[in-house]
Amino acid sequence: MSESKIAPIPNHVAIIMDGNGRWAEQRGLPRVAGHRAGTENIRQVIRCLAEHGVHYITLFAFSTENWNRPASEVKGLFRILGRAIDRETNIFHEHGVRLFLLGRVDRLSDRLQRKVKHAIELTKDNTDMTLSVAFDYGGRAEILDAVKRIIQDGIPPQDIDESLLNSYLYTAGLPDPDLIIRTGGEMRLSNFLLWQSAYSEYYATPTFWPDFGSEEIERALVAYAQRERRFGGLEAQRETGPRPQG
Ligand code: IPE
Ligand code: IPE
Ligand code: MG
């Protein structure tokens, strides 16, 4: 499927889509206009990554800490998610994309929860690509939720290893991200995929998310291709990941 001249290509790219607000403020627009522009940008980013042969994409759209923003902005972000699902679900389905939502889900409105469930159910057998949207997602909340459910299920301590914990995370069944891209210039994870990013490669760019286009994506992929991943050992490894402990 990959037509890419860049190699190796990350199997899973996760993106912290930051800088929408500043993009809007620079233009004298309300922050929500930045979120709309950012959402518009998603389609072409996915297309470009797919053309390069990336199979898993995860997008950080709303963090558990983003509830601390003014209610009007939070409402705007929820409305944008609902509209994006309405508009894009069938298109993704036609392109063989499986959709996932990573996050709490229960704090979304009933209507939005129904939309999310429908999109996941409709696309569940698609195999060309998996697109996960992290919404009301926090890495710490995810780990806490997993621990609570492990205890509720009465799992004995000797059975708790990395693969068991993995299977209790929102990301169960997804490979760990190989490359994490952050737009908007900050050099931090902001509670994104804390457990899963243990050996991810990082790429940060000052470009605001609505302006992050194909050229920038290729720059990130080239940077990734030049990294030597050792996973704690002494030799470079390809496509494998750290040896599980426990
Ligand atoms: C990222 O853009 C989107 C969300 C966090 C929802 P921001 O809204 O954080 O934009 P900046 O960082 O304020 O520019
Ligand atoms: C991270 O961006 C969350 C998303 C992109 C959804 P933030 O703008 O919330 O992160 P901080 O507050 O700068 O760390
Ligand atoms: Mg931000």
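The shown structure was predicted, so the numbers you read here are calculated from the model rather than taken from an experiment.

Participant: Teacher, can you tell me more about the environment of K75 here?
Facilitator: Along the chain, the position of K75 falls in helix α3 (residues 71-94). Judged by relative accessible area, which is 57%, K75 ranks as exposed. A C-alpha to C-alpha distance of 30 Å links K75 and V147, two positions 72 residues apart in sequence.

Participant: Would you explain the side chain of E201 in this entry?
Facilitator: Mapping E201 onto the fold places it in strand β6 (residues 201-204). Relative accessible area serves as the criterion here: at 15%, E201 is assigned to the buried category. There is a polar contact of 3.0 Å between the side chain of E201 and the side chain of R227. Discounting residues that sit within four places of it in the chain, E201 has contacts with D178, L179, I180, Y224, R227 and R229.

Participant: What am I meant to see in the site of ligand 2 here?
Facilitator: Surveying the vicinity of ligand 2 reveals the residues I16, M17, D18, F60, A61, F62, N66, R69, R182, R188 and S190. In this structure, an oxygen atom belonging to ligand 2 sits 3.2 Å away from a side-chain N or O atom of D18. Contacts to ligand 2 include S190, whose side-chain N or O atom sits 2.6 Å from an oxygen atom. Here ligand 2 loses 79% of its free accessible area of 390 Å² to cover by the protein chains. Here the shell around ligand 2 gets 3 residues from one element, more than from any other, and that element is strand β2 (residues 56-63). Of the residues assigned to the shell around ligand 2, the class counts are 5 nonpolar, 2 polar and 4 charged.

Participant: What exactly am I supposed to notice about the site of ligand 1 here?
Facilitator: Taken together, 13 residues lie around ligand 1, and D18, G21, R22, R31 and R69 are the ones closest in. Side-chain polar atom of R69 to an oxygen atom of ligand 1: 2.7 Å apart, as the coordinates give it. Protein chains bury 87% of the 370 Å² of accessible surface belonging to ligand 1 in isolation. Mapped by element, the contributors of at least two residues to the shell around ligand 1 are α1 (20-26), α2 (31-51) and α3. Class assignment for the residues of the shell around ligand 1 results in 3 nonpolar, 5 polar and 5 charged.

Participant: Help me understand the packing of aromatic side chains, please; the structure alone is not making it clear to me.
Facilitator: Counted under the stated rule, the structure contains 11 aromatic pairs. An angle of 10 degrees between the planes, with centres 4.5 Å apart, marks the rings of F60 and F192 as stacked. Of this pair, F60 sits in strand β2 while F192 sits in the loop between β5 (179-182) and β6; the two residues are 132 residues apart in sequence, bridging distant segments of the chain. Here the two residues F60 and F192 agree in accessibility, since each one is buried. Between Y137 and Y170, the aromatic rings sit 5.9 Å apart at their centres with planes inclined by 75 degrees, giving edge-to-face as the arrangement. You can see Y137 sitting in strand β4 (residues 129-137) and its partner Y170 sitting in the loop between α6 (162-168) and β5, a full 33 residues away along the chain.

Participant: Any chance you could explain the packing of α2 against α3 here in plain terms?
Facilitator: Helix-helix packing is characterised by the crossing angle of the two axes and by the distance between the axes. As a packed pair, α2 and α3 sit with axes 10 Å apart at the nearest point and diverge in direction by 25 degrees. On the basis of their axis angle, the class for α2 and α3 is roughly parallel. Viewed along their axes, α2 and α3 form a crossing whose handedness is right-handed. Seen from α2, the contacting residues are R31, V32, H35, R36, T39, E40, R43 and I46; seen from α3, they are E73, L77, I80, A84, R87, E88 and F92. Here the contact of α2 with α3 is built from residues that sort into 6 nonpolar, 2 polar and 7 charged.

Participant: Explain unusual backbone geometry to me, please; I cannot follow it from the model alone.
Facilitator: Negative phi is the rule for most residues except glycine; trans is the rule for most peptide bonds. Across the junction of A7 and P8, the peptide omega takes the value -5 degrees, indicating a cis bond. Here P8 shows up in the segment before β1 (12-16). If you check the backbone angles, S190 has positive phi at about 50 degrees while not being a glycine. Position of S190 relative to the elements: it lies in the loop between β5 and β6. Residue S190 is classed as partly exposed on the basis of its relative accessible area, which comes to 30%. Positive phi, close to 40 degrees, is recorded for L193, a residue that is not glycine. In this fold, L193 is placed in the loop between β5 and β6.

Calculation rules
- Residues numbered from 1 in each chain as written.
- Chains lettered and ligands numbered in written order.
- Predicted model: local features only at pLDDT ≥ 70, side-chain atom pairs only at ≥ 80, totals over all residues.
- Heavy atoms only, no water.
- Helix = DSSP H or I, 4+ residues; strand = E, 2+ residues; numbered from the N terminus.
- Buried < 20%, exposed > 50% of the residue type's maximum accessible area, 1.4 Å probe, protein only.
- Polar contact = N/O pair within 3.5 Å; in protein donor to acceptor, adjacent residues only side chain to side chain.
- Contact = heavy atoms within 4.5 Å.
- Near = heavy atom within 4 Å.
- Areas by Shrake-Rupley, 256 points an atom, 1.4 Å probe, with all protein chains shown as cover.
- Nonpolar A, V, L, I, M, F, W, Y, C, P; charged D, E, K, R; others polar.
- Phe/Tyr/Trp six-rings, centres within 6.5 Å; stacked < 30°, edge-to-face > 60°.
- Axes fitted to C-alpha atoms, helices over the stretch in contact; angles between N-to-C directions.
- Parallel < 35°, antiparallel > 145°, perpendicular 65-115°, else oblique.
- Left-handed = near helix turned anticlockwise from the far one by under 90°.

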